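Take a look at the letters that make up each chain.
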Amino acid sequence: MRNPVSGLYEALAANAAIEDRFTADATVDTPLRGSQPVTDWVRDEKAWLDEQQAAVHAINHIVTNTHASAEYSLAITYQAEAIDLPLHLVAEFDGEQIASLRAYHSTYPLTQEHIVRAPLVLPNEDLHAAAPVGAYEAAMAEGDPAALDALFEPDGYVREPAGAAFRHQGVDRMGFYGPAFSGGPVPLQLCTIIDDGAALAFEYVCDQWGPAALPPQAGSAVYVRSPSGLLEAVRIYDDVSPPPELFE
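Now for a look at the structure at hand. (Residues numbered from 1 in each chain as written. Predicted model: local features only at pLDDT ≥ 70, side-chain atom pairs only at ≥ 80, totals over all residues. Heavy atoms only, no water.)

**Here we look at the pattern of salt bridges**
Consideration 1: A full pass over the atoms with the stated rule returns nine salt bridges.
Consideration 2: Across the pair R235 and E71 runs a salt bridge, and its minimum N-O distance is 2.7 Å. Of this pair, R235 sits in strand 12 (residues 231-238) while E71 sits in strand 4 (residues 67-78), and the two are 164 residues apart along the sequence. Each member of the pair, R235 as well as E71, carries the same accessibility label: buried.
Consideration 3: Notably, a salt bridge pairs E92 with R102, separated by 2.8 Å at the nearest N-O pair. Of this pair, E92 sits in strand 5 (residues 81-94) while R102 sits in strand 6 (residues 97-104), and the two are 10 residues apart along the sequence.
Consideration 4: Looking at E92, the relative accessible area reads 26%, which means it is partly exposed.
Consideration 5: You can call R102 buried: its relative accessible area is 5%.
Consideration 6: A single network of salt bridges, built from pairs that share partners, joins D40, R43 and D44. (Salt bridge = Lys/Arg side-chain N within 4 Å of Asp/Glu carboxyl O. Helix = DSSP H or I, 4+ residues; strand = E, 2+ residues; numbered from the N terminus. Buried < 20%, exposed > 50% of the residue type's maximum accessible area, 1.4 Å probe, protein only.)

Below you can see the structure in the form of structure tokens.
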């Protein structure tokens with residue numbers, strides 16, 4: 001099967017035509033502009049990439065018969081500042097074309113603020129992530145930082161949505177997980193799973209942090225497995241921020 005997501009952003013940044021990768025009624029949903037028809041998104045995203053002098057670096061692809069996940073790092077110049085912006089694309093296929101494309105990234109690197117992004121896909125209670133991701137999600141729902149850390153290879157890392165400066169590797173992982181879960185569990189409601197055995201991506205809805213209810217928010221994450229069955233990497237793409245009262 002042809003993968004219409006392969007090289008998508010590289011082609012977009014190079015001003016190559018990509019509209020034929022999409023169905024006639026496909027839409028693209030992004031944090032900055034919401035849902036758009038493909039032709040509008042191509043026009044606006046090309047202009048934005050040009051304006052930001054963006055360099056596109058591919059990280060990882062996951063492809064199944066129905067979905068694809070594509071991760072990128074965008075090296076951009078935003079308001080005269082060099083920024084690393086992690087970007088995650090999730091595509092739904094109709095045959096060999098993209099019927100829907102959803103982009104996930106934090107707005108914090110751009111604006112120093114978090115937006116509340118409404119869910120893009122409904123949660124599906126029948127979804128269950130395969131090991132070790134299922135155990136990871138259970139540990140999040142329990143608020144157990146030690147159990148989360150134990151699922152990684154010794155040099156494995158977790159990267160926050162804000163970019164490479166927020167990567168926590170090896171012994172530094174607990175410096176992230178400890179404070180993050182000091183306010184309590186952060187359960188996620190799974191919406192889609194894309195799993196090729198080597199890596200797993202999912203979209204989710206987050207509406208709780210410890211005892212505090214949050215406005216339901218969209219996010220995604222990618223989990224890279226090691227040959228041993230542990231995690232080599234977890235990369236998060238959302239704009240969810242903890243309630244301030246939990247950490248006062």
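**What to know about helix 2 (residues 38-51)**
Along an α-helix, residues three or four apart share an orientation, since each turn contains 3.6 residues.
Consideration 1: Given a rise of 1.5 Å per residue, 14 residues ought to cover 20 Å, and the 20 Å separating the end C-alpha atoms of helix 2 matches this to within 8%.
Consideration 2: When helix 2 is considered as a whole, its buried residues turn out to be V38, W41, V42, E45, K46, W48 and L49. Within helix 2, the buried residues cover an arc of 165° as seen down the axis, which keeps them to one side. Opposite the packed face of helix 2, turned more than 90 degrees from it, sit the exposed residues T39, R43 and E51.
Consideration 3: One or two residues past the end of helix 2 sits Q53, with phi positive at roughly 55°. (Expected span 1.5 Å × (residues − 1). Arc of directions from axis to C-beta.)

**Things to note about the side chain of Q36**
Consideration 1: Its location among the elements puts Q36 in strand 2 (residues 34-37).
Consideration 2: The exposure class assigned to Q36 is buried, which follows from its relative accessible area of 10%.
Consideration 3: When residues no more than four places from it in sequence are discounted, the contact partners of Q36 are A26, T27, V28, W41 and D44. (Contact = heavy atoms within 4.5 Å.)

**Some details on the packing of aromatic side chains**
Each pair of aromatic rings is reported with the distance of its centres and the angle of its planes.
Consideration 1: Going through the model one piece at a time under the given rule, you end up with 11 aromatic pairs.
Consideration 2: Ring centres of F22 and W41 lie 6.2 Å apart, and the angle between their planes is 65°; this geometry places the pair in the edge-to-face category. With F22 in strand 1 (residues 22-30) and W41 in helix 2, this pair connects stretches of sequence that are 19 residues apart. Grouping residues by exposure puts F22 and W41 together as buried.
Consideration 3: Considering the side-chain rings of F176 and Y177, the 5.1 Å spacing of their centres and the 55° angle between planes classify their relative orientation as tilted.
Consideration 4: On the basis of relative accessibility, which here comes to 15%, the residue F176 falls in the buried class.
Consideration 5: A residue is classified by how much of its surface remains accessible, and Y177, at 1% relative accessible area, is buried.
Consideration 6: Members of the aromatic cluster, joined through ring pairs, are Y136, F152, F176, Y177, F181, F202, Y204 and Y223.
Consideration 7: In this arrangement the basic side chain of R159 is found over the ring face of Y237, its NZ or CZ atom lying 4.7 Å from the centre. (Phe/Tyr/Trp six-rings, centres within 6.5 Å; stacked < 30°, edge-to-face > 60°. Lys NZ or Arg CZ within 6 Å of the ring centre and 35° of its normal.)

**Re the sheet that holds strand 6**
Consideration 1: The strand order across the open sheet formed by six strands is 2-1-6-5-4-3, and the pairing between neighbours is mixed. Taken across any chain shown, the strands that pair with only one partner, and hence form the sheet edges, are strand 2 and strand 3 (55-63). Mean inter-strand twist for the sheet, computed between neighbouring axes without regard to direction, equals 20°.
Consideration 2: Pairing of strand 1 with strand 2, which is carried by four bridges, proceeds in the antiparallel orientation. Looking at the pairing, T30 lines up with G34 of strand 2.
Consideration 3: The strands touched by helix 2 are strand 1, strand 2, strand 4, strand 5 and strand 6; relative to strand 2, the strand with the most contacts, the crossing angle is about 115°. (Pairing = 2+ DSSP bridges. Axes fitted to C-alpha atoms, helices over the stretch in contact; angles between N-to-C directions.)

Note that all results are geometric; they support no functional claim without further evidence.
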